[in-house]
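Breakdown of the fold
So you can see what is in the structure, the chains are spelled out below.
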Amino acid sequence: MDFTIPQEYEILRKMVHDFVVERLDPISQKVEEEDEIPPEIIKEMAELGFFGLPFPEEYGGGAVSKLGYALFLEELGASSACFSNLIAPHVSLATSSVFIGGTEAQKQKYLPPMCAGEKLGAFALTEPNAGSDAANIETRAEKKGDKWILNGTKNWITNGSIADVVIVYALTDKNLRARGGITAFIVEKGFPGFRVGTVDVKMGLRGSHTAQLLFENCEVPEENVLGEVGMGFLTAMKVLDGGRIGLAAGAVGGAQRLLELSIQWANTRVQFGQPIANNQAIQWMLADMAMEIEAARLMTYKTAWKYDQGLKITRDAAMVKAFASEMACHVADKAVQIHGGIGYMREYPIERAYRDTRILKIYEGTNEIQRMIIARDLLKVGH
Amino acid sequence: MATTHFRACVLAKVVRRTDRMLVTMGEMDASEAEWQLDAGSVAALEWARRFGGAATEITVLSWAPPEQEGLLRQLLAQGAHRLIRITTPLGAEEAADPLVVADGLVQGIRVAGAEAVFCGSRSSDEGRGATGPMVAALLGWPFVEAEAAGGTQTGAAAVTGPAVVSVDPLGPKPGKPNFMAVSRAFKAPVESLEVQVRRPQVQYTGIIPGTERGRGREVLAGTALDEALSLLLVRLRERRVF
Ligand SMILES: Cc1cc2nc3c(=O)[nH]c(=O)nc-3n(C[C@H](O)[C@H](O)[C@H](O)COP(=O)(O)OP(=O)(O)OC[C@H]3O[C@@H](n4cnc5c(N)ncnc54)[C@H](O)[C@@H]3O)c2cc1C
């Protein structure tokens, strides 16, 4: 077993680290206040290749493995969560849907501009009546001549209000549902009948936009059926498996930053005439944080490695998603505790991180759903 | 790539990060410090890129060991086209001798068929700045010390024929590569060239620290070869390098 990170990825990691420190951290507070990532920063991210890292070079990607992509998101996760929340849904969910489920022609057409960050992607599965029970979607797609007509509503779609390309999962056969009755469509901004509804006001993740998407007799050309009719649910599940590794990696990066800030604070904050770090109560919190982070990190790397080997990762991805997101919430809670009152104040990044971290246990499949996936596999396999 | 009509070599060195070294008992301890590309080598790449424009084929030559190949590959990501690592059957100590270093690089330059060579004027580790002048002397080419003034290439612009151009490490650097370029650079082949080099015959009597040499002067640009070489020797003797 070799735990050495390939040199190529060390360099990528350093590039992201430098970008986080030089470009993202200094504007994080402004983004929080204005609820907007400056367009020039998005442009810089695109130039660096943030939008197409794990896709093959022939489609304009960085040809980086899942491990490389996880390391990238770990570094990016150290900054305000809104930045990885722009990139990860675009890469891990939308662009990956095209890459995993698309035809060659669709890959040729959509991947290069998506990898270059010229076209931003969103992944639209969730609906008002279908969250955890994703197979219960109600958005319908009906074939009329050489077009598909989509009708329905998608809820809480990250990047939805700003996306150029939305991967929409719709019902094409009510009787089959998950078993061949769901189809994915590539819907472009400007297709007739597609519009953005309410942009949501959230607990955290300011700077990242989540919106309702409305499809009212939305016309989608035949060639925009992603892959084959009926294959949508399978594509979505495969995409989500891979996406969970990215989510875990971001959680690790964010938690690591909170640990570092907590160590700094514990060493500098003086109470009872000595740094609070001298108290065993504080030391144990730091130790617990470090232990959990390390465990989540190793699970993330291992799952990414398995993915790169082409091994089945459904259970691993569910485990790392649930574990890393819960770890991040524990760490954020301890970080607030170690910081005391200042950890509760808006002026300091701990409070923001505490709010931003909470979503990790909910989206890309709640942790209860992850436990269902894990348990189902355990009971099937027997170990 | 556009048709190549100019070939350049960049001499690249990998050094310990001096800003991270430990000081143990008053001595600098480099053993734990990270390796990095010498700033002069990175600046040299930028000169090479700007000098011949898009049609330049840039070969990076380096004595760095295989473990540091990853750092050299960054130069590929930043615009170099070819990477040749020089090796020798000599032991590490002998191979570190400036004359051996220069000799090996010259053989690499010949393999690359370069018409101009760019290197940092002094490296951040020892700062002797001996490599450029020695390479020039061995090639029989003029040696030009150049400095970018306000982003323009004052010294190098004066070079018309073959030359060794030593550039200011603080000068402009290539822009940061993107991930795609890094990824491509790590998939690119790295050539290695085993060279037969003369064993060092030179006795050094003293070395002038790089900081005392001053920067930005064009020492020998445009002079005839013989004149250049004798001038170079005079300068080196004046500075008691030999
Ligand atoms: C900020 C944000 C961004 C999002 N981005 C996207 C996006 O880009 N694309 C997209 O498609 N969706 C997105 N979502 C939706 C997200 O994936 C869903 O919120 C999530 O899947 C949960 O669905 P739900 O909210 O309807 O909760 P529900 O399914 O209603 O669940 C409510 C609670 O019941 C539990 N529960 C449900 N069923 C079971 C069960 N069988 N056993 C045990 N417990 C159960 C859940 O775990 C949860 O605790 C986003 C959501 C948010 C908040």
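Residues numbered from 1 in each chain as written. Chains lettered and ligands numbered in written order. Predicted model: local features only at pLDDT ≥ 70, side-chain atom pairs only at ≥ 80, totals over all residues. Heavy atoms only, no water.

**Points about the domain arrangement of chain A**
Residues and elements named next belong to chain A. With domains assigned, chain A is organised as domain 1 (7-115), domain 2 (121-230) and domain 3 (234-381). Facing the nine residues of domain 2 at the interface are 11 residues of domain 3. Roughly 820 Å² is buried in total at the junction of domain 2 and domain 3, and carbon and sulfur atoms are behind 73% of that figure. The largest share of the area that domain 2 buries against domain 3 comes from Ser 132, Met 203 and Leu 205, three residues that together contribute 50% of it. If you look at where domain 2 meets domain 3, you find zero salt bridges. (Domains from an automatic or database assignment. Contact = heavy atoms within 4.5 Å. Buried area = accessible area lost by both parts, 1.4 Å probe. Salt bridge = Lys/Arg side-chain N within 4 Å of Asp/Glu carboxyl O.)

**Notes on the site of the ligand**
All names here are of chain A. The environment of the ligand is formed by 17 residues, the closest being Thr 126, Ser 132, Thr 158, Thr 366 and Glu 368. Between Leu 125 and the ligand, the recorded distance is 2.9 Å, taken from a backbone N or O atom to an oxygen atom. At a separation of 2.9 Å, a nitrogen atom of the ligand approaches a polar backbone atom of Trp 156. Considering the ligand on its own, with 980 Å² of exposed area, one finds that the protein chains cover 64% of that surface. Secondary structure elements with two or more residues in the shell around the ligand: strand E3 (147-158) and helix H11 (367-381). (Near = heavy atom within 4 Å. Polar contact = N/O pair within 3.5 Å; in protein donor to acceptor, adjacent residues only side chain to side chain. Areas by Shrake-Rupley, 256 points an atom, 1.4 Å probe, with all protein chains shown as cover. Helix = DSSP H or I, 4+ residues; strand = E, 2+ residues; numbered from the N terminus.)

**Focus: the interface of chain A and chain B**
Contacts between chain A and chain B engage 21 residues on the former and 14 residues on the latter. Taking both sides of the interface into account, the surface hidden between chain A and chain B amounts to around 1400 Å²; carbon and sulfur atoms contribute 65%. The tally of links between chain A and chain B comes to two salt bridges. Residue Lys176(B) is joined to Glu22(A) by a salt bridge in which the shortest nitrogen-to-oxygen separation is 3.0 Å. For the pair chain A and chain B, the number of links is six residue pairs in polar contact (both at pLDDT 80 or more). When residues of the side of chain A that touches chain B are traced back to their parent elements, those giving at least two are helix H1 (7-24) and helix H3 (39-48) of chain A. Here the side of chain A that touches chain B gets eight residues from one element, more than from any other, and that element is H1(A). Residue composition of the side of chain A that touches chain B, by class: 10 nonpolar, six polar and five charged. (Nonpolar A, V, L, I, M, F, W, Y, C, P; charged D, E, K, R; others polar.)

**Regarding the nonpolar core**
One finds Met45(A), Phe50(A), Phe72(A), Leu76(A) and Phe118(B) to be the most contacted residues of the largest nonpolar core, which totals 77 residues. Dropping the residues within four chain positions of it, Met45(A) is found in contact with Phe19(A), Leu24(A), Phe50(A), Phe51(A), Phe83(A), Leu86(A) and Ile87(A). (Core = buried A, V, L, I, M, F, W, Y, C linked by side-chain atoms within 4.5 Å. Buried < 20%, exposed > 50% of the residue type's maximum accessible area, 1.4 Å probe, protein only.)

**Some thoughts on helix H8 (residues 280-308) of chain A**
Taking 1.5 Å of rise per residue, the 29 residues of H8(A) would be expected to cover 42 Å, and the 42 Å separating its terminal C-alpha atoms lies within 8% of that figure. Gly310(A) sits one or two positions beyond H8(A) and adopts a positive phi of about 80 degrees. (Expected span 1.5 Å × (residues − 1).)

**Digging into the packing of aromatic side chains**
What the rule picks out here adds up to 11 aromatic pairs over all chains. Here Tyr59(A) and Phe99(A) contribute two aromatic rings whose centre-to-centre distance is 6.3 Å and whose plane-to-plane angle is 70 degrees, an arrangement assigned as edge-to-face. Of the two residues, Tyr59(A) is situated in the loop between H3 and helix H4 (66-76) and Phe99(A) in helix H5 (residues 81-101); the sequence distance between them amounts to 40 residues. We classify Tyr59(A) as buried; its relative accessible area is 4%. An aromatic cluster is present here, built from Phe19(A), Phe50(A), Tyr69(A), Phe72(A) and Phe179(B) joined pairwise through their rings. The residue whose ring lies beneath Lys107(A) is Phe99(A), and the NZ or CZ to ring-centre distance is 5.1 Å. (Phe/Tyr/Trp six-rings, centres within 6.5 Å; stacked < 30°, edge-to-face > 60°. Lys NZ or Arg CZ within 6 Å of the ring centre and 35° of its normal.)

**Some thoughts on helix H5 (residues 131-139) of chain B**
Among all positions in H5(B), only Gly132(B), Pro133(B), Met134(B), Val135(B), Ala136(B) and Leu139(B) are buried. Gly140(B) lies just past H5(B) and shows a positive phi near 75 degrees.

**Details of the environment of Asp35(A)**
Residue and element names in this part refer to chain A. Of note, Asp 35 is situated in the loop between helix H2 (28-34) and H3. Residue class for Asp 35 comes out partly exposed when judged on its relative accessible area of 22%. Sequence separation between Asp 35 and Asp 316 is 281 residues; the distance between their C-alpha atoms is 34 Å. When residues no more than four places from it in sequence are discounted, the contact partners of Asp 35 are Lys 30, Arg 206, Gly 207, Ser 208 and His 209. Reaching out from Asp 35, the side chain makes a polar contact with the backbone nitrogen of Gly 207 at a distance of 2.5 Å.

**Focus: the side chain of Arg315(A)**
All names here are of chain A. Here Arg 315 shows up in helix H9 (residues 314-339). For Arg 315, a relative accessible area of 18% corresponds to the buried category. In this structure the side chain of Arg 315 is engaged in a polar contact, spanning 2.6 Å, whose partner is the backbone oxygen of His 383. Here Arg 315 is in contact with Ile 374, Asp 377, Leu 378, Val 381 and His 383, once residues within four sequence places are set aside.

**Topic: the confidence of the model for chain B**
All names here are of chain B. Put simply, chain B has an average pLDDT of 77, and 65% of its residues get 70 or more. Put simply, strand E11 (residues 152-153) is where chain B has its lowest mean pLDDT, 44, and strand E7 (residues 82-87) is where it has its highest, 96. Under a pLDDT of 50 for its full length, residues 150-157 has, in the predicted model, 16 contacts with residues more than four places off or in other chains. Within the model, the stretch residues 213-225 combines pLDDT values under 50 with 32 contacts to residues more than four positions away or in other chains. Scored by ipTM, the complex comes to 0.77, with pTM at 0.86. (pLDDT = per-residue confidence, 0-100.)

**Some details on the sheet that holds strand E9 (residues 143-146) of chain B**
Residue and element names in this part refer to chain B. Overall, parallel pairing links the seven strands, which are arranged E9-E12-E8-E1-E6-E7-E13 in an open sheet. Every interior strand has two partners, whereas the edge strands, E9 and strand E13 (191-194), have only one. Neighbouring strand axes in the sheet, compared pairwise and without regard to direction, differ in orientation by 25 degrees on average. Pairing geometry for strand E1 (residues 6-12) and strand E8 (residues 116-120), over three bridges, is parallel. From the neighbouring strand, Ala 8 faces E8, where its bridge partner is Ala 116. (Pairing = 2+ DSSP bridges. Axes fitted to C-alpha atoms, helices over the stretch in contact; angles between N-to-C directions.)

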